[in-house]
Amino acid sequence: MACAQRRLGREAMDWITDFLSMGGYAEFVWPAFAVTIAVMAALVIVSRRALLADRRTLESLESVREPRRQGAPETDEGGTAGEA
Amino acid sequence: MKPKRRRLYYVLAGMATLGVAAALVLTAFQDNLVFFNSPTDVYERNIQPDTRFRLGGLVVEDSIRRQSDGLTTVFEVTDLIRTVQVSYTGILPSLFREGQGVVTDGSLDARGVFIASQVLAKHDETYLPREVVESLKKSGKWQGQGSGEANAQ
Amino acid sequence: MNLHKFANPARFVRYSTAVFPWLAGATAALLGVGLIWGLLIAPADYQQGETVRIMYVHVPSAWMAMFIYGVMAVASAVGLIWRHPLADLTAKASAPIGAGFTAVALVTGSLWGQPTWGTWWVWDARLTSFLILLFLYLGYMALWQAFEDPRRGARAAAILALVGFINVPIIKFSVDWWNTLHQTASISSFQGPTIHISILIPLLIMGLGFTTYYFTVLIMRVQREILSRKIRSLRLFQVQPGDGRVEATPQRG
């Protein structure tokens, strides 16, 4: 029982080392995947962080502007014009 | 509406002009944009010995000979019209095989043998698992390595 | 005009926010399945062995690099001609994503070239035109930054995007027009693909995943650009409270 288990374990280990070695091309295959994942993840993180930061800035700006709102011209509200 | 129309025409005219200009430039520099010459080019252009250029084509089946020094390989490169003999001293890329595409960098010697200082393997656009190739070979439907390449160059 | 409805930033934010979680979920699922399929299930190539797996990241990156440039060029044209507020922002938001994919395609291509061709880099028509694509993206992004007035920056950058679009068909057909070390396209519309189905399926899954990834990140970036504009106009408004009408003047036409 223990012997069979050990053999199974060794087979799994062999399979993993075999997989990681990529037929001797590990030094090319893995960096290629790593670079791709790193760039794609970085773009997500940077974009998301910038969006959240701007959202916070806008909230604080709008809360400051709140009391003056009645006097402000309507054009700035909601529609495309103010943002165009 | 009017300025929009005008801007549209400006953009279209600009793009058309650019396209024509690019086409002209690319046609004019045609020879420089080519990465390698085929054996036929070598004959037609009558390239002189000791002029550096790249020669590309297919490695002729059964043409690979190893010299006695163990480092120099002699083989033939063909575009299925003309054939040039190539001699190369050094380690060949792992994809270097008979029937496969190669691009070599070097110059012709006085005998018309291309002395290569670099050999690059050019692979074709077919991607197949090993088992499929084996079964194709077994059933006799396999058209040989690099067959996709041959007609292209 | 129907298109105008989508050019309304507020409406874009509303719709895109609704679509966003679905797109993000689809991206995660497609990339997860594609990676596992490409790395574990797909067979090795009869010539190249395991290096063929680099294709699963290299080829979709290159596709996206060119597709995103196409989006950028179309958006730039729409921005120049019709002055739609969202078009310029879409182009601007796309550029860093496209530049990222271009860099990835170049690096992974190099990592694929060394074991298969025997070289990291050659100056053939395909590789050179692709390097130019990276410079076009970088130049485009720099041009946006170079102008104090974002409207002028938008116009200059849009013109560069359109001029540079000439490069896209050159990249695509370089392998057909000239002798290159790079192989020709495996998936062309004229003949069937020259890739075995077992290698093609994970490739297409990855391609789909990269596409939804682009739109997912694009939504975040465009929304951010909309917020940035709002912030800028609010700040201007706060600096000159009496002159509000000047700052709020519609900038169309």
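Just so it is clear, the model here is predicted, and its values are computed rather than measured.

J.: In this structure, what is going on with the overall build of chain B? I would like to understand it.
T.: Scanning chain B from N- to C-terminus turns up five helices and six strands. Rg of the C-alpha trace for chain B: 22 Å, well past the compact-globule value of 15 Å for 153 residues, more than 25% over. C-alpha extents for chain B along the principal axes are approximately 80 × 45 × 25 Å. Here chain B, with 153 residues, has 27% of them falling under the buried criterion. Taking contacts inside chain B between residues at least 6 apart in sequence as the whole, the part at least 24 apart equals 50%.

J.: Can you walk me through the overall build of chain C in this structure?
T.: The helix and strand tally for chain C stands at nine helices and zero strands. Written out in order from the N terminus, the α and β elements of chain C read α-α-α-α-α-α-α-α-α. By the burial criterion, 47% of the 253 residues in chain C qualify as buried. In chain C, 73% of the contacts between residues at least 6 apart in sequence involve partners at least 24 apart.

J.: Any chance you could explain the confidence of the model for chain C here in plain terms?
T.: Low pLDDT marks regions whose predicted coordinates should not be analysed in detail. Residue and element names in this part refer to chain C. Considering every residue of chain C, the mean pLDDT works out to 89; 89% of them sit at 70 or more. Across chain C, the secondary-structure element scoring lowest on mean pLDDT is helix α9 (residues 244-247), at 46, and the one scoring highest is helix α3 (residues 55-82), at 96. For residues 243-253, every residue scores under 50 in pLDDT, and the model assigns this stretch 19 contacts once sequence neighbours within four places are set aside.

J.: Whenever I open this one, the packing of α3(C) against helix α4 (residues 85-116) of chain C confuses me. Can you help?
T.: The description of two packed helices rests on the angle between their axes and on the distance between the axes. Residues and elements named next belong to chain C. At their nearest, the axes of α3 and α4 sit 7 Å apart, and the two run at 155° to each other. The angle between α3 and α4 places the two elements in the roughly antiparallel class. As α3 runs across α4, the sense of the crossing is left-handed.

J.: Honestly, the interface of chain B and chain C in this entry has me stumped. Any pointers?
T.: Quite often, the size of an interface is put as the accessible area lost when its parts meet. Between chain B and chain C, the residue contacts involve 34 residues of the former and 35 residues of the latter. Breaking the side of chain B that touches chain C down by element, the ones donating at least two residues are α1 (2-28), β6 (114-122), α4 (130-138) and α5 (147-152) of chain B. The biggest single contributor to the side of chain B that touches chain C is α1(B), with eight residues. For the side of chain B that touches chain C, the class distribution of residues is 21 nonpolar, seven polar and six charged.

J.: I tried to follow the confidence of the model for chain B on my own but got confused; where do I start?
T.: Residues and elements named next belong to chain B. Of the residues in chain B, 92% have a pLDDT of 70 or more, and the chain-wide mean is 84. When mean pLDDT is taken per element in chain B, strand β4 (residues 83-89) scores highest with 93 and α5 scores lowest with 35. Here residues 146-153 is modelled with pLDDT under 50, and outside its nearest four sequence neighbours on either side it reaches 20 contacts, counting other chains as well.

J.: Sorry if this is basic, but what is going on with unusual backbone geometry here?
T.: For residues other than glycine, phi is negative in most cases, and the peptide bonds are mostly trans. Although it is not a glycine, N46(B) adopts a positive phi angle of roughly 55°. By the element assignment, N46(B) lies in the loop between α3 (39-44) and β1 (53-59). In this structure N46(B) comes out as exposed when scored by C-beta crowding, with 7 C-beta atoms within 10 Å. Its identity as a non-glycine residue notwithstanding, R83(C) has a phi of 55°, on the positive side.

J.: What's the story with the pairing of β1(B) in this structure? I'm lost.
T.: In regular strands, side chains alternate between the two faces of the sheet. Residue and element names in this part refer to chain B. Extensive coverage of β1 is indicated by the burial of six of its seven residues. For β1 and strand β3 (residues 72-78), the ladder comprises two bridges, and the chain directions are antiparallel. Considered in β3, the bridge of L58 is made with T78.

J.: What is the right way to look at helix α5 (residues 125-146) of chain C in this model?
T.: Think of an α-helix as 3.6 residues a turn; residues three or four steps apart then line up on the same face. With 22 residues, α5(C) extends 31 Å from end C-alpha to end C-alpha; this agrees with the ideal 32 Å at 1.5 Å per step. Along α5(C), the residues that are buried comprise A125(C), R126(C), L127(C), F130(C), L133(C), L136(C), Y137(C), Y140(C) and L143(C). Here the buried face of α5(C) lies against α2 (30-33) of chain B together with α3, α4, α6 (150-164) and α7 (167-177) of chain C.

J.: Quick question: what am I supposed to make of the pairing of β3(B) here?
T.: Residues and elements named next belong to chain B. The pairing of strand β2 (residues 65-66) with β3 spans two bridges and is antiparallel. Counterpart to R66 in the pairing with β3 is T73. Between β2 and the antiparallel strand that follows it, β3, lie five residues; G70 among them carries a positive phi value of about 80°. Where β3 meets β4, seven bridges bridge the pair, whose relative direction is antiparallel. Looking at β4, one finds that T73 is bridged to Y88. Two successive antiparallel strands, β3 and β4, enclose a turn made up of four residues, where L80 displays a positive phi of approximately 75°.

J.: Please explain the packing of α1(B) against α3(C) as it appears in this structure.
T.: As a packed pair, α1(B) and α3(C) sit with axes 8 Å apart at the nearest point and diverge in direction by 140°. Between α1(B) and α3(C), the angle is such that the two are oblique. Contact residues: K4(B), R7(B), L8(B) and V11(B) in α1(B); A77(C), L80(C), I81(C) and W82(C) in α3(C). Class assignment for the residues of the contact of α1(B) with α3(C) results in six nonpolar, no polar and two charged.

Thresholds, definitions, all that
- Residues numbered from 1 in each chain as written.
- Chains lettered and ligands numbered in written order.
- Predicted model: local features only at pLDDT ≥ 70, side-chain atom pairs only at ≥ 80, totals over all residues.
- Helix = DSSP H or I, 4+ residues; strand = E, 2+ residues; numbered from the N terminus.
- Rg over C-alpha atoms; globule rule 2.2 N^0.38 Å.
- Buried ≥ 20, exposed ≤ 12 C-beta atoms within 10 Å, placed from the backbone.
- Contact = placed C-beta atoms within 7 Å.
- pLDDT = per-residue confidence, 0-100.
- Axes fitted to C-alpha atoms, helices over the stretch in contact; angles between N-to-C directions.
- Parallel < 35°, antiparallel > 145°, perpendicular 65-115°, else oblique.
- Left-handed = near helix turned anticlockwise from the far one by under 90°.
- Nonpolar A, V, L, I, M, F, W, Y, C, P; charged D, E, K, R; others polar.
- Pairing = 2+ DSSP bridges.
- Expected span 1.5 Å × (residues − 1).

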